[in-house]
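# Analysis of the macromolecular model
In case you want the letters, here they are:
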Amino acid sequence: MMPDPKPSHSQSYPDTDGYFGQFGGNHYPPEVRPALEELRSTYEELRQSPDFQHALDKARIGLQGRPTPVHYLENISNQVGGARIFVKREDLNHTGAHKINHCVGFALLAKKMGKTKLIAETGAGQHGVALATAAAYFGLECEVHMGGVDVGKQSSNVGRMQLLGAQVVSATAGQSALKEASDSAFDSYAKQHEHALYAIGSAIGPHPFPMIVRDFQAVVGQEAREQFLSITDGSLPDHVVACVAGGSNAMGMYSGFIDDSEVVLHAVEPLGKSDQLGQHAATLSYGRPGTLHGARSVVLQEDDGTPAQVSSVASGLVYPGIGPEMALLHETGRISVARISDEEVISTFFRMAKFEGIIPALESAHALAFAIQLASQRPSSERILVNLSGRGDKDVDYVLENYGTG
Ligand SMILES: Cc1ncc(COP(=O)(O)O)c(C=O)c1O
């Protein structure tokens with residue numbers, strides 16, 4: 001008899017208690033645990049169901065516009081003269097980012113569980129708009145919590161959420177950013193879990209959220225792998241690059257390549273204004289083990305253990321934590337971590353617009369900036385695949401006002 005093949009990474013993690021090695025678990029108030037257990041068991045059952053998969057595929061094709069293409073950045077690759085850069089165009093998703101991949105999944109799960117409402121936090125507003133869209137499509141109410149600062153900075157996304165029928169709640173505690181939006185949304189869910197489902201914005205939070213978000217985002221990596229093999233007559237990329245806040249676009253993209261040890265996986269964190277605590281949001285680079293939003297992971301902390309202030313020009317990266325699976329991949333050395341400053345992000349934003357005709361989200365511009373640096377250090381025989389996680393329409397007013405036209 002042939003021995004059973006080695007289980008894949010995603011089959012091995014999380015374990016039955018929701019842990020990715022020492023990270024993850026369910027560190028959430030006990031009164032909400034039955035609701036999370038109901039979510040886990042419904043998800044485990046439905047993920048096998050052809051009806052569920054059919055409804056998901058229908059939304060992915062018709063509503064979202066999947067599959068998104070893999071595209072060669074020929075002009076910038078030629079300018080750099082080193083490794084060649086390819087992008088997975090998640091910016092071409094309906095609503096402009098990868099977030100909708102897991103939002104349609106959560107909306108469908110809510111429908112099947114008999115819930116009537118979706119609740120979530122949002123940073124840049126991309127997750128909120130994607131969720132409001134999925135809620136409208138599946139006939140659900142939607143409540144989105146957003147940091148007060150982001151409500152001002154990303155006002156076009158606030159208007160879009162409201163147009164789509166969602167209620168936007170401004171979170172004004174502390175730094176009035178993504179962490180406070182998450183605190184506020186979790187509090188609201190704890191009061192409404194009987195008729196509402198929390199549709200978390202990233203691969204963070206208590207079990208089963210990191211697993212469910214990863215699985216719904218895995219479509220990115222699966223498609224990208226097939227497309228890349230077909231473009232290159234059967235070669236895998238040498239490097240795969242994604243920006244990271246909680247890790248939803250990174251885990252989705254890595255899913256297609258994680259079991260190929262020859263593919264180097266890079267996570268790009270926001271260095272913001274400097275490497276001083278409070279001036280960046282580079283959690284894996286400078287954080288330490290801690291618990292945030294119901295999971296054990298790596299957290300940027302003050303000396304007394306409270307989550308640190310964080311900063312980045314990209315609202316969607318302003319978060320002092322990271323998903324537990326990302327923390328494990330970092331601890332085991334499977335991913336390599338890089339940092340990109342606000343300044344490098346803005347110049348890449350302009351470069352992409354002027355030379356490739358693509359205005360990237362400021363979050364995604366972190367991954368692109370790093371890929372350009374990496375390309376300049378690697379030979380032209382190598383290929384880099386970047387998750388272009390979102391488009392920059394939401395950032396245009398902010399960039400024009402603060403940096404001009406480049
Ligand atoms: C376009 C885009 N990319 C990346 C991110 C970062 O989130 P994650 O690490 O979950 O992919 C965000 C978050 O708002 C985003 O809007």
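The coordinates are above.
A few points on the structure. Every chain's residues receive numbers from 1 upward, in the order its sequence appears when written. Only residues with pLDDT of at least 70 are given local features in this predicted model, and only at 80 or more are side-chain atom pairs given and counted; all residues enter the totals for whole chains, interfaces and linings. As a convention, hydrogens and water are excluded, and side-chain values are obtained from all of the structure's heavy atoms.

### Quick look at the side chain of Arg 60
- What counts as a helix is a DSSP run of H or I of at least four residues, what counts as a strand is a run of E of at least two, and both are numbered from the N terminus. Mapped onto the elements of the fold, Arg 60 is located in helix α3 (residues 50–64).
- Each residue gets one of three labels from its accessible area relative to the maximum for its type: buried under 20%, exposed over 50%, partly exposed in between, using a 1.4 Å probe on protein chains only. Under the convention used here, Asp and Glu are negative, Lys and Arg are positive, and both His and the chain ends fall outside the count. The salt bridge definition used is simple: a Lys or Arg side-chain nitrogen within 4 Å of an Asp or Glu carboxyl oxygen. For the buried residue Arg 60, which engages in no salt bridge, the nearest side chain bearing the opposite charge is Asp 57, 5.0 Å off.
- When neighbours within four sequence positions are excluded, Arg 60 is seen to be in contact with Gly 65, Arg 66, Asn 101, Phe 216 and Val 219. Should any heavy atoms of two residues lie within 4.5 Å, those residues are counted as being in contact.

### Some thoughts on the sheet that holds strand β3 (residues 70–72)
- Ordered by their spatial adjacency, six strands build an open sheet running β3-β4-β14-β9-β10-β13, and the pairing between neighbours is mixed. Edge positions in the open sheet fall to β3 and β13 (335–341), since each of these has one partner strand only. Strand after strand, the sheet turns through a mean of 30 degrees between neighbouring axes, direction not considered.
- With seven bridges joining them, strand β10 (residues 264–272) and β13 adopt parallel strand pairing. By the bridge assignment, Val 268 is partnered in β13 with Ala 338.
- Set on the sheet, helix α15 (residues 362–377) makes contact with β4 (84–89), β9 (239–243), β10, β13 and β14 (383–388); between it and β14 the angle comes to about 170 degrees. At least two DSSP bridges between two strands are needed for those strands to be called paired. Axes here mean lines fitted to C-alpha atoms, for a helix over just the part in contact, with angles spanning 0 to 180 degrees between N-to-C directions.

### Quick look at the pairing of β9
- Burial analysis of β9 places five of its five residues in the buried class, which makes it a mostly covered element.
- What you see with β9 is no split at all: His 239, Val 241 and Cys 243 on one side and Val 240 and Ala 242 on the other are buried throughout.
- As paired elements, β9 and β10 share five bridges and run parallel to each other. Directly across from Cys 243, in β10, lies its bridge partner Val 268.
- For the handedness criterion, the strands are oriented away from the viewer, and a crossover whose path from the first strand over the helix to the second runs clockwise is classed as right-handed. One crossover worth recording links β9 to the parallel β10 by way of helix α11 (residues 248–254), and it is right-handed.
- Relative to β14, β9 is paired through three bridges, and the arrangement is parallel. Counted as the bridge partner of Val 241 is Val 386 from β14.

### Here we look at the site of the ligand
- Every one of the 17 residues lining the ligand counts as a neighbour, but Ser 202, Ala 245, Ser 248, Asn 249 and Ser 389 are closest to it.
- Side-chain polar atom of Lys 99 to an oxygen atom of the ligand: 3.1 Å apart, as the coordinates give it.
- Polar contact is defined as a pair of N or O atoms within 3.5 Å, subject to the rule that within protein one atom must be able to donate a hydrogen and the other to accept it, and that residues adjacent in sequence are counted only when both atoms are side-chain atoms. The contact in question runs from an oxygen atom of the ligand to an N or O atom on the backbone of Ala 245, over 2.8 Å.
- Shrake-Rupley sampling with a 1.4 Å probe provides the accessible areas, and residues are treated as covered by the protein chains on show and by no other component. Relative to its unbound accessible area of 390 Å², the ligand is 98% covered by the protein chains. Here a residue counts as near a molecule or strand whenever at least one of its heavy atoms sits within 4 Å of it.

These values are about where atoms sit, not about what they do.
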